[in-house]
Amino acid sequence: MTLHGKRDEENPKSSENARDDASHLDDATRGTDVTTEPTALTKRPAHAMARTVRAHTVGTLAAELLRVFPAADAEEWDRTGLVVGESALPVSRVAVALDPTVDAIREASVSGANVLVTHHPPFLSAPDSFAPERSVAASSGAGVWAAIQNQVALMCFHTSLDVSPRAARVLPGMLGLAFSGRVVEPSRSSRVRGYGQLCDVPLVDDAPETLGRLASRCVAVFGRPPRVWGDLSSPVRTAVTTTGSAGTVGRAARAAGADCLICGEIKYHEALDLSGAGLSIIELGHDVSELPLTAVLADAVANAGVPERDIIMIDQSHNWTTPEAVRV
């Protein structure tokens, strides 16, 4: 059976059911906390605030964002750009979120936004029903229904954001790793863009970092305990970071000689096999690894000319919890 790479991990046609030029990340997004607050944009350095303000239609905003995250960089199965909405309408405010859930669409509308920009698409395969339900689990077109009902246009930048230079430095920057500029799984459109950032892990008191301390650093940065595969005392000199689903990035990381893979999620048997072959793995959680990308999207919206006062961050960092975090 053909092994599907990260670029196929969320492809609905895949047989497996699973669901980023190395230029510098803008100061506005380096080190962004995963728990993005609605006021996050106002906390940026003063030099990041000097932007040209432009009046946009839904269509011109989508075109500006596609210049930053081109559809040509996206996987063939993906949805990119304006998916739902009327391109001629003027933009009032813009909401940004990780996922275009029905709740997020309604929150965008209540906040006065008529555009919701997300990382994940509202659908990959075309919906086969449209009904006013609370979730696409009840009706696959529930998000489309909610968007039309609330007059909120939906734009998404998924794999085109994953492989972008802006996204490439997010996890390395947050974790204090030195991105080498090399990706272990290049995209189909570029040899320098792709998945899996190969990073050097700085020494600690002239000694290699350990898996345990690196995992503890992830807890401090993201506020969530990761799943860790490997001996906590093992040295980590090189690491590969990748947001979301690892796909075959883990095997590419091992082939590149990395000591550790830091990812959003990885299939159990893939992690079992790779860790058995000597690759340590830190599994952050799919959303935990990708929530910082919303700051990249918000920054791109602001750079396109939308006033920062008109950009609303929708917090989706509390969709789930762990028992030890609950007071019984």
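Residues numbered from 1 in each chain as written. Predicted model: local features only at pLDDT ≥ 70, side-chain atom pairs only at ≥ 80, totals over all residues. Heavy atoms only, no water.

Enquirer: Help me out: how do you make sense of the overall build of the protein chain in this one?
Expert: Looking only at helices and strands, the protein chain has eleven helices and 13 strands in total. A buried classification covers 54% of the 328 residues belonging to the protein chain. (Helix = DSSP H or I, 4+ residues; strand = E, 2+ residues; numbered from the N terminus. Buried < 20%, exposed > 50% of the residue type's maximum accessible area, 1.4 Å probe, protein only.)

Enquirer: Explain the sheet that holds strand β6 (residues 190–200) here, please?
Expert: Sheet strands line up and pair through hydrogen bonds in the backbone, either parallel or antiparallel. Taken together, the six strands give an open sheet; going across it, the order is β5-β6-β10-β11-β12-β8, and neighbouring strands pair in mixed fashion. Edge strands, defined here as strands with exactly one partner in the open sheet, are β5 (178–187) and β8 (227–229). Averaged over neighbouring strand pairs, the angle between their axes works out to 30° when direction is ignored. Bridging between strand β10 (residues 238–245) and strand β11 (residues 260–265) involves five bridges; their strand directions are parallel. (Pairing = 2+ DSSP bridges. Axes fitted to C-alpha atoms, helices over the stretch in contact; angles between N-to-C directions.)

Enquirer: Is there a simple way to explain the side chain of Ser 280 in this structure?
Expert: Checked against the element boundaries, Ser 280 lands in strand β12 (residues 280–283). Discounting chain neighbours no more than four positions away, the residues touching Ser 280 are Leu 211, Trp 229, Gly 230, Ser 234, Asp 259, Cys 260 and Leu 261. (Contact = heavy atoms within 4.5 Å.)

Enquirer: Explain the confidence of the model for the protein chain here, please?
Expert: Should pLDDT be low for a region, the predicted coordinates there are not to be read in detail. Mean pLDDT over the protein chain works out to 88, with 84% of the residues at or above the 70 mark. Ignoring residues within four places in sequence, the model shows residues 12–44, a span with pLDDT below 50, making 81 contacts including any to other chains. (pLDDT = per-residue confidence, 0-100.)

Enquirer: Looking at this structure, how should I read unusual backbone geometry?
Expert: Residues apart from glycine generally show negative phi values, whereas peptide bonds are mostly found in trans. Phi is positive for Gln 151, close to 55°, though the residue is something other than glycine. Here Gln 151 lies in the loop between α3 (142–150) and β4 (153–156). On the basis of relative accessible area, Gln 151 is assigned to the exposed category, the value being 65%. Despite not being glycine, Asp 206 has its phi angle at roughly 65°, a positive value.

Enquirer: What is the right way to look at helix α1 (residues 58–68) in this model?
Expert: Structural remark: α-helix, 3.6 residues per turn; residues separated by three or four positions point the same way. Of all the residues in α1, the buried ones are Val 58, Leu 61, Ala 62, Glu 64 and Leu 65. Along α1, the residues classed as buried sweep out an arc of 160° about the axis, all on the same side. Packed against the buried residues of α1 are β1 (81–84), β2 (94–97), β3 (115–118), β4 and α11 (293–303). (Arc of directions from axis to C-beta.)

Enquirer: Just checking my understanding: could you explain the packing of aromatic side chains for this structure?
Expert: A ring pair, where both rings are aromatic, is described by two values, the distance of the centres and the angle of the planes. In the structure shown here, the tally under the stated rule is two aromatic pairs. Note on Phe 69 and Phe 157: the rings are 5.8 Å apart at their centroids and 50° apart in plane angle, and the pair reads as tilted. One end of the pair, Phe 69, is in the loop between α1 and β1; the other, Phe 157, is in the loop between β4 and α4 (159–162), and 88 residues separate them in sequence. A relative accessible area of 0% means that Phe 69 is categorised as buried. Centroid distance Trp 229 to Tyr 268: 5.8 Å. Interplanar angle 55°. Geometry classified as tilted. Of the two residues, Trp 229 is situated in strand β8 and Tyr 268 in helix α9 (residues 268–276); the sequence distance between them amounts to 39 residues. One residue, Arg 224, lies across the ring of Trp 320, its end atom 3.9 Å from the ring centre. (Phe/Tyr/Trp six-rings, centres within 6.5 Å; stacked < 30°, edge-to-face > 60°. Lys NZ or Arg CZ within 6 Å of the ring centre and 35° of its normal.)

Enquirer: For this particular structure, what's the right way to read the pattern of salt bridges?
Expert: Note that side chains of opposite charge can pair when their charged atoms are close. Using the criterion set out here, one finds seven salt bridges in the structure. Residues Arg 193 and Asp 73 are paired through a salt bridge, measuring 2.8 Å at the closest nitrogen-oxygen approach. In this pair, Arg 193 sits in strand β6 while Asp 73 sits in the loop between α1 and β1, placing the two residues 120 residues apart along the sequence. With respect to burial, Arg 193 and Asp 73 carry one shared label: buried. One salt bridge in this structure joins Asp 310 and Arg 93, with 3.6 Å as the shortest N-O distance. One end of the pair, Asp 310, is in the loop between α11 and β13 (311–313); the other, Arg 93, is in the loop between β1 and β2, and 217 residues separate them in sequence. Residue Asp 310 is classed as buried on the basis of its relative accessible area of 17%. One network of salt bridges, in which partners are shared, links Arg 54, Glu 64 and Arg 67. (Salt bridge = Lys/Arg side-chain N within 4 Å of Asp/Glu carboxyl O.)

Enquirer: Would you mind going over the environment of Leu 82 with me for this structure?
Expert: When you line up the elements, Leu 82 lands in strand β1. On the basis of relative accessibility, which here comes to 30%, the residue Leu 82 falls in the partly exposed class.

Enquirer: How should I be thinking about the state of the cysteines in this particular structure?
Expert: As used in these notes, a disulfide is a covalent bond between sulfur atoms, one from each of two cysteines. Tallied over the entire structure, the rule returns zero disulfides. In this model Cys 263 remains outside any disulfide bridge; the closest cysteine sulfur is found in Cys 260, 8.7 Å from its own. (Disulfide = S-S within 2.5 Å.)

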